[in-house]
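Each chain, letter by letter, is given below.
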Amino acid sequence: MHIISRRKLRDFCQNHADVCKALDDWFITVSQAEWRNLVEVQSVYPRAEAVGNFTVFNIKGNRYRLIVSINYERQLVYIKYVLTHAEYNKDAWKNDLYY
């Protein structure tokens, strides 16, 4: 999978240093994957789930959420949001669920 854009992960790490290793591990794993559907994603990340048009990954023991859009046909992962658990529970990001 090709991930767009790693910069969002790096920017998030500037304020949340405790999650950097977990995000780097996620980036490496996903970069090497060739997923064709959510079931294949869940074979590696069992707690990944579809929420609207996005796939949500729990990062670092459910303390953070990584929200991405996956185009399986093109093998592209678009990073939309990296949020703390508290930020994820707010409704502001959910305006984009179906776009």
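This report concerns the structure included in the present document. All of these numbers come straight from a predicted model, not from anything done at the bench. (Residues numbered from 1 in each chain as written. Predicted model: local features only at pLDDT ≥ 70, side-chain atom pairs only at ≥ 80, totals over all residues. Heavy atoms only, no water.)

Another aspect to go through is the nonpolar core. The biggest cluster of nonpolar side chains holds 24 residues, and the ones touching the most others in it are Leu23, Trp26, Phe57 and Leu66. Of all the secondary structure elements, the ones that give two or more residues to this core are helix H1 (6-15), helix H2 (20-32), strand S3 (54-59), strand S4 (64-71) and strand S5 (76-84). Beyond its immediate stretch of four places on either side in the chain, Leu66 contacts Leu9, Leu23, Trp26, Thr55, Val56, Phe57, Ile59, Ile79, Tyr81 and Val82. Counting seven residues, the second largest nonpolar core, distinct from the first, contains Val56, Tyr81, Leu83 and Tyr88. (Core = buried A, V, L, I, M, F, W, Y, C linked by side-chain atoms within 4.5 Å. Buried < 20%, exposed > 50% of the residue type's maximum accessible area, 1.4 Å probe, protein only. Helix = DSSP H or I, 4+ residues; strand = E, 2+ residues; numbered from the N terminus. Contact = heavy atoms within 4.5 Å.)

So, on to the packing of H1 against H2. Where H1 contacts H2, the two axes come as close as 10 Å, and the packing angle between them is 170°. Taken as axis vectors, H1 and H2 run roughly antiparallel relative to one another. Contacts from Arg6, Leu9, Phe12 and Cys13 of H1 reach H2 at Cys20, Leu23, Asp24, Trp26 and Phe27. Looking at side-chain class alone, the contact of H1 with H2 contains seven nonpolar, no polar and two charged residues. (Axes fitted to C-alpha atoms, helices over the stretch in contact; angles between N-to-C directions. Parallel < 35°, antiparallel > 145°, perpendicular 65-115°, else oblique. Nonpolar A, V, L, I, M, F, W, Y, C, P; charged D, E, K, R; others polar.)

Inspection of every chain in the model, using the stated rule, returns four salt bridges. Residue Asp18 is joined to Arg63 by a salt bridge in which the shortest nitrogen-to-oxygen separation is 2.9 Å. Linking Asp18 in the loop between H1 and H2 with Arg63 in the loop between S3 and S4, this pair joins segments that are 45 residues apart in sequence. On the basis of relative accessible area, Arg63 is assigned to the partly exposed category, the value being 46%. Taking the shortest distance from any N to any O, the salt bridge between Glu40 and Arg36 comes out at 2.6 Å. The class of Glu40 is buried, set by a relative accessible area of 19%. (Salt bridge = Lys/Arg side-chain N within 4 Å of Asp/Glu carboxyl O.)

A cis amide bond links Ile4 to the next residue, Ser5, at an omega of -5°. Checked against the element boundaries, Ser5 lands in the loop between strand S1 (2-4) and H1. Its identity as a non-glycine residue notwithstanding, Lys60 has a phi of 55°, on the positive side. Judged by relative accessible area, which is 35%, Lys60 ranks as partly exposed. Its identity as a non-glycine residue notwithstanding, Asn62 has a phi of 75°, on the positive side. Turning to its location among the elements, Asn62 is positioned in the loop between S3 and S4. Residue Asn62 is classed as partly exposed on the basis of its relative accessible area, which comes to 33%.

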